[in-house]
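# Structural characterization, general
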2 protein chains.
Amino acid sequence: MSNRVHNFCAGPCTLPLPVLQEAQREFVDYHGEGMSLIEMSHRAKAYDEVHKQAMSLALEVFGVPDDFGVMFIQGGATLQFAMVPLNFLSGDQRAGYVNSGSWGKGAIADAQPHGDIYVAWDGKDSNYTRMPKSDEVKTQPGSQYLHVTSNETIGGIRMVEWPAVEIPLIADMSSDYMSRKIPWDRFDLVYGGAQKNLGPAGMAIVFVRKSALENTNRNLARYLRYDVHLEKDSLFNTPPVFTIYMVGKVLQWMKDKGGLFVIEKEAAEKAGILYDSIDNSEGYYSSPVDPACRSHMNVVFRLPSEELENKFLQQAEDENLVNLKGHRSVGGCRASIYNALPVESVQTLSAFMQEFKNANS
Amino acid sequence: MSNRVHNFCAGPCTLPLPVLQEAQREFVDYHGEGMSLIEMSHRAKAYDEVHKQAMSLALEVFGVPDDFGVMFIQGGATLQFAMVPLNFLSGDQRAGYVNSGSWGKGAIADAQPHGDIYVAWDGKDSNYTRMPKSDEVKTQPGSQYLHVTSNETIGGIRMVEWPAVEIPLIADMSSDYMSRKIPWDRFDLVYGGAQKNLGPAGMAIVFVRKSALENTNRNLARYLRYDVHLEKDSLFNTPPVFTIYMVGKVLQWMKDKGGLFVIEKEAAEKAGILYDSIDNSEGYYSSPVDPACRSHMNVVFRLPSEELENKFLQQAEDENLVNLKGHRSVGGCRASIYNALPVESVQTLSAFMQEFKNANS
């Protein structure tokens, strides 16, 4: 594909080209079955293999321990904002939330109708430019869990230290999912939308400590119950077949690349190239973010003026460097550099930043 | 595609071959954008056109009046089982449900945790072989709505007459969605999964009378609120981009074919061919279903013995007539003949039924 762009979109976003090409080849007639995979019963043998393979790769690639299960649930991370309190809080039970930015705020807003929710750390005072240190998060007695957002896509910050609290953590990892190892013993549930690091939009991937579901709320419609999805291997109802199929292929691509260790290292390298470009620009490019909390997935930066930012974005697009505009709520520039974005795209952007600075300062 | 099978799957199921081929062609590089549609921001111009087009076609093809809106919501009809009572019943408000078979039962089970639910007609006495007549459904005072299932996929029955009640109807139309005209003035909400008549699995399409949302329950996480999805044109969170894109293409295919009038006529013709094959078989093939309620989508039939049924299914498969096994809960045979199944597939099955009978009676 000669005209393929460097795609820095914040999600949905770049997927591995070999995965797209393979999916294209087998799209109309899946493995000689005489039909497309998306025309097949979700109970068919050919689909069942796809489903089981995606599940087992998700557990394997992310290094998930045996006492956890994995679920594919439609509705993205946003439906998880509802399902977490609906399942884990009964009556007026309480949970703490870290408010680290746009997504933390969203999780809190959606939990509030379904439990006694309090903010255990608030990034408001620092204008959401940093994450809490591990000892800054204060939970209240009787809390069932502490909810954190591991990476704020819009703010461009990542949680480097996990909060040192006595209760289980529940994490929304949508925007740095499977790009870093995590200490599983601290978590009861980890979730994220597929559409950044793992595949097309259309579902969340949810890992849960099986024993944590023993006492969850059952007085819910079945689609909203984790225990139902887990027990039925995410086949309680018709699953999002195509999304699962694509996620399976992306996971296989990650595994073939060397797995999480290599992915995590490459993420740090890619981010390092761009933060170096910012730090070595003598202030031409600036990062509003606490250096200790810089995201490895979403690199936000500013230029000396909005006018220059607009010129930068336009010229970048002319060079096939696309989707670099910051989120409309904060402005500026943002390069999202998810797992499937090649290091060459980051190098090309870095070179362009240097050239643009030379020509416009 | 020379080896394409006749696919009688109950869902996911056959999609129009030209739609699959077009999607395949534009899969890796969408319209020269240098990326796949599934790698694109859901706020991108190219995707926005796809999204708006699918919405407007859904309203147009189904003949939906102006005072209704359409929503694309992940989770299939199963999540709608939850969202209907969560939105339309506050506190201990009441709603009636028609129990017409497996899917009616599912809707009831999922509504019960979220409201005061009663069965307004029960098909149990007739072993779910028929739907209620319009005057058989009895609602109770104070009911907010009556929920019906327009077609039971497993039982093979369709609601021919809509219940004559004073309250608004809410219908799960998953398995005969957009295959028949409906009297919109009787409905407040109509929903169904995409994966039978309309596209790949991954979402429900929900039509709602806008004024019916004025007093719905707002004390819910946002993903569970119809008013949020409607107000945000189903872009409140990242939508299931690929499913919406495919549904748009299938709707365009339906429109090009002549629209709902032609689709409805063809559905009756296809069903007629198979019911004639059953009725003219001198009892070799039999239908367990009340003739007045025979489904136009799922034709269930039995042979003289289970042994012959197994032989029939095996030989059919050898002739590329696949997925004719009845649902595991009822046994027998079932031909699902959704919108995209060509009439030639039905004629081929009919001829095979005749041949099989001649050779095995």
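Residues numbered from 1 in each chain as written. Chains lettered and ligands numbered in written order. Predicted model: local features only at pLDDT ≥ 70, side-chain atom pairs only at ≥ 80, totals over all residues. Heavy atoms only, no water.

### Focus on the overall build of chain A
In terms of regular secondary structure, chain A is built from 9 helices and 13 strands. The C-alpha radius of gyration of chain A comes to 21 Å, within 12% of the 21 Å expected for a compact globule of 361 residues. With respect to the three principal axes, the spread of C-alpha positions in chain A is 60 × 60 × 30 Å. Buried positions account for 64% of the 361 residues belonging to chain A. Within chain A, contacts between residues separated by at least 24 positions form 65% of all contacts whose residues are at least 6 apart in sequence. When the accessible surface of chain A is totalled, it reaches about 13,200 Å², and 46% of it is carbon and sulfur. Averaging the positions of the 34 positive and the 44 negative side-chain charges in chain A gives two centres separated by 2 Å. (Helix = DSSP H or I, 4+ residues; strand = E, 2+ residues; numbered from the N terminus. Rg over C-alpha atoms; globule rule 2.2 N^0.38 Å. Buried < 20%, exposed > 50% of the residue type's maximum accessible area, 1.4 Å probe, protein only. Contact = heavy atoms within 4.5 Å. Areas by Shrake-Rupley, 256 points an atom, 1.4 Å probe, with all protein chains shown as cover. Lys, Arg positive; Asp, Glu negative; His and termini not counted. Charge placed at Lys NZ, Arg CZ, Asp CG, Glu CD.)

### Digging into the relation of the copies chain A and chain B
Each copy of the chain is related to the other by a rotation around an axis and a translation along that axis. With an RMSD of 0.0 Å, chain A superimposes on chain B once it is rotated by 180 degrees and translated 0.0 Å along the axis. Taken together, these values place the two copies in the relation of a two-fold axis. Both copies present the same face, since 100% of the interface residues in chain A are matched by interface residues at the equivalent positions in chain B. (Least-squares fit on C-alpha atoms with pLDDT ≥ 70 in both.)

### Observations concerning helix 1 (residues 17-25) of chain B
Residues and elements named next belong to chain B. Listed in full, the buried residues belonging to helix 1 are V19, L20 and A23. Buried residues along helix 1 cover an arc of 100 degrees about the axis, so they all sit on one side. Exposed and oriented more than 90 degrees from the buried face of helix 1 are P18 and R25. (Arc of directions from axis to C-beta.)

### So, the pairing of strand 2 (residues 68-73) of chain B
All names here are of chain B. Burial analysis of strand 2 places 6 of its 6 residues in the buried class, which makes it a mostly covered element. Of the two faces of strand 2, the one lined by F68, V70 and F72 and the one lined by G69, M71 and I73 are each fully buried. Sheet analysis places strand 2 next to strand 10 (residues 204-209), joined by 6 bridges and oriented antiparallel. In the strand pairing of strand 10, V70 is matched with F207. (Pairing = 2+ DSSP bridges.)

### Overview of the interface of chain A and chain B
Across the contact, 66 residues belong to chain A and 66 residues belong to chain B. Across the chain A/chain B interface, buried area totals approximately 4,800 Å², and carbon plus sulfur atoms make up 61% of it. In terms of surface lost to chain B, no three residues of chain A exceed A:Q24, A:V28 and A:E39, which account for 13% of the buried area on that side. At the surface where chain A touches chain B, the tally comes to 4 salt bridges. Two residues, B:E39 and A:R4, come together in a salt bridge whose shortest N-O distance is 2.6 Å. Put simply, chain A and chain B have 27 residue pairs in polar contact (both at pLDDT 80 or more) between them. Sorting the residues of the side of chain A that touches chain B by element identifies helix 1 (17-25), helix 3 (76-88), helix 4 (102-111) and helix 6 (241-257) of chain A as the ones contributing at least two each. Residues belonging to the side of chain A that touches chain B are distributed by class as follows: 34 nonpolar, 23 polar and 9 charged. (Buried area = accessible area lost by both parts, 1.4 Å probe. Salt bridge = Lys/Arg side-chain N within 4 Å of Asp/Glu carboxyl O. Polar contact = N/O pair within 3.5 Å; in protein donor to acceptor, adjacent residues only side chain to side chain. Nonpolar A, V, L, I, M, F, W, Y, C, P; charged D, E, K, R; others polar.)

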